[in-house]
Amino acid sequence: MNPKQIPKTMRAIVLQDYNSNLGRVLRSLSVQEKQVRLPAGDEVLVKMEAAPCNPSDIAFLRGMYIVARSVPVIPGFEGTGTVVAAGKTLAALSLSGKRVSCFSQDSGDGTWAEYFCVNAANCIPVREDLPVAQAACLAVNPFTAAGLMEMAISGKHRAVVQTAAGGQVSTFLRKMAGIDDIPVINVVRSDQQVNALAEQGEQYILNQKGENFTDRLTALSAQLGATIAFDAIGGEMTGTLLNAMPDGSRVILYGGLSGLPASNLDILEVIFHGKSLGGFNLADWIQQTTPERFAEISARLQDNMIRGELSTRIQATFTYDQVVRGLLQYVGNMSKGKILFIP
Ligand SMILES: NC(=O)c1ccc[n+]([C@@H]2O[C@H](COP(=O)([O-])OP(=O)(O)OC[C@H]3O[C@@H](n4cnc5c(N)ncnc54)[C@H](OP(=O)(O)O)[C@@H]3O)[C@@H](O)[C@H]2O)c1
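Just so it is clear, the structure is predicted and the values come from calculations on it, not from any experiment.

Cut-offs applied
Residues numbered from 1 in each chain as written. Predicted model: local features only at pLDDT ≥ 70, side-chain atom pairs only at ≥ 80, totals over all residues. Heavy atoms only, no water. Pairing = 2+ DSSP bridges. Helix = DSSP H or I, 4+ residues; strand = E, 2+ residues; numbered from the N terminus. Axes fitted to C-alpha atoms, helices over the stretch in contact; angles between N-to-C directions. Contact = heavy atoms within 4.5 Å. Near = heavy atom within 4 Å. Polar contact = N/O pair within 3.5 Å; in protein donor to acceptor, adjacent residues only side chain to side chain. Areas by Shrake-Rupley, 256 points an atom, 1.4 Å probe, with all protein chains shown as cover. Core = buried A, V, L, I, M, F, W, Y, C linked by side-chain atoms within 4.5 Å. Buried < 20%, exposed > 50% of the residue type's maximum accessible area, 1.4 Å probe, protein only. Domains from an automatic or database assignment. Phe/Tyr/Trp six-rings, centres within 6.5 Å; stacked < 30°, edge-to-face > 60°. Lys NZ or Arg CZ within 6 Å of the ring centre and 35° of its normal.

Read from one edge to the other, the open sheet built from six strands follows the order β10-β9-β8-β11-β12-β13, with strand pairing classed as parallel. One side of each edge strand has no neighbouring strand; the edge strands of this open sheet are β10 (205-207) and β13 (276-279). Between one strand axis and the next, the sheet turns through 20° on average, direction left out of account. In this structure, strand β8 (residues 159-162) lies alongside strand β11 (residues 226-231), joined through four bridges in parallel fashion. Looking at β11, one finds that Val160 is bridged to Ile228. Of the strands in this sheet, β8, β9 (184-188), β11, β12 (250-253) and β13 are in contact with helix α9 (residues 236-244), which crosses β12 at around 160°.

This is how it looks when you write it as structure tokens:
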């Protein structure tokens, strides 16, 4: 795009103030006309096509996330679009005109806007034939699942337990584990989710609210040799998992959907049964992954998505004016899939 064609202002969803109460924070969102910030140095300007809402966005709006930006601010951590202007560095210029999937937790404005100014290093080039919805949700969850799978494989774990198994990270992880023939014990929180996963052909599904959940988890993880769990919930679930799993097991916390501190851990299990707790953060994993390896994983994920073997489930798309309706629909049924905001 000719720089002269870039508009001076754009429409964006704006958060006026954080509030831990979801109802109140939704009233703090509005659509406003904002200045378009032009890219400098390593930055590029992305004309946005779509941006999803993830649990981290909800936590951010509620002021309960690791990232806090000065308000008023445009929310949104990831999305997709086309680079229409670039700063002066080679990294930025090399993305000119390219379709990208981008992700940023830096201090500035986010992706729920017509334009997003972001560091080139936070952009992943995407293929022209990758559907917009998949490109919008590429940068976070699929790579998270890939990173978690690497942990399971490198640790030689025979089977995996995962919580919040109706969600999108879990769906990717389940499919990836299937490719490597690693059984997955899926923990969900409703019978509806049990049925949904059973319909998809899943063999090991436990309802965390069901009778004898802990006993069933203990027996199944012993039977399958599940010595690693990926926990997105926290609260009592974290300790419950670790207590129930075989000696030497690891629980990897990568989300805090319960909003509660991890608890319920039997100290004797840690001291005398070699069990341990760890964490996973996508940004750290990317830092530790070589650019070549990252590009290889990105190419593989995009191939899988284009062939329809892997995908993020989308439940609905919304315009910016429908932001409140969209967010309410998402938090009311996260397992149904992501929502996308379309400019
Ligand atoms: N550490 C990292 O680098 C990293 C990267 C990506 C994602 N994450 C985290 O991974 C987690 C999953 O993300 P996602 O995008 O896959 O989520 P998602 O697709 O929106 O789905 C969330 C799932 O969690 C369930 N859930 C929500 N609150 C729950 C609770 N309190 N107890 C039990 N289950 C609950 C939902 O069930 P319902 O349908 O019943 O609500 C739904 O199945 C989030 O915490 C996210 O922040 C972390």
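What follows covers the site of the ligand. Within the structure, the ligand sits among 27 residues, and Gln193, Leu282, Tyr330, Ser335 and Lys338 are positioned closest to it. In this structure, Gln193 approaches the ligand through a side-chain N or O atom, which is 2.8 Å from an oxygen atom. The protein chains hide 88% of the 940 Å² of surface that the ligand would expose on its own. When contributions to the shell around the ligand are tallied by element, the ones reaching two or more residues are α5 (141-154) and α6 (168-179).

Counting residues in each nonpolar core, the largest one holds 81 residues, and the members touching the most others are Val44, Phe143, Phe230, Leu327 and Phe341. Two domains each provide a minimum of three residues to this core, namely domain 1 (3-137 + 312-342) and domain 2 (141-281). Each residue touching Val44, except ones within four places of it in the same chain, is listed here: Pro39, Val83, Ala85, Ala86, Ala92, Leu95, Phe116, Cys117, Val118, Ala120 and Cys123. Listed in part, the 19 residues of the second largest apolar core include Val161, Leu206, Met245 and Val251.

A few words now on the packing of aromatic side chains. The relation between two aromatic rings is expressed through the spacing of the ring centres and the mutual angle of the planes. Counted according to the given criterion, the structure contains five aromatic pairs. A ring pair is formed by Phe143 and Phe294, whose centres lie 4.5 Å apart and whose planes are at 10°; its orientation type is stacked. On the criterion of sequence distance, the pair formed by Phe143 in helix α5 and Phe294 in helix α12 (residues 291-306) is long-range, its members being 151 residues apart. For Phe143, a relative accessible area of 0% translates into the label buried. Members of the aromatic cluster, connected to one another through ring pairs, are Tyr18, Phe60, Tyr65 and Phe77. Over the ring of Phe60 we find Arg69; its NZ or CZ atom is 5.7 Å from the centre of that ring.

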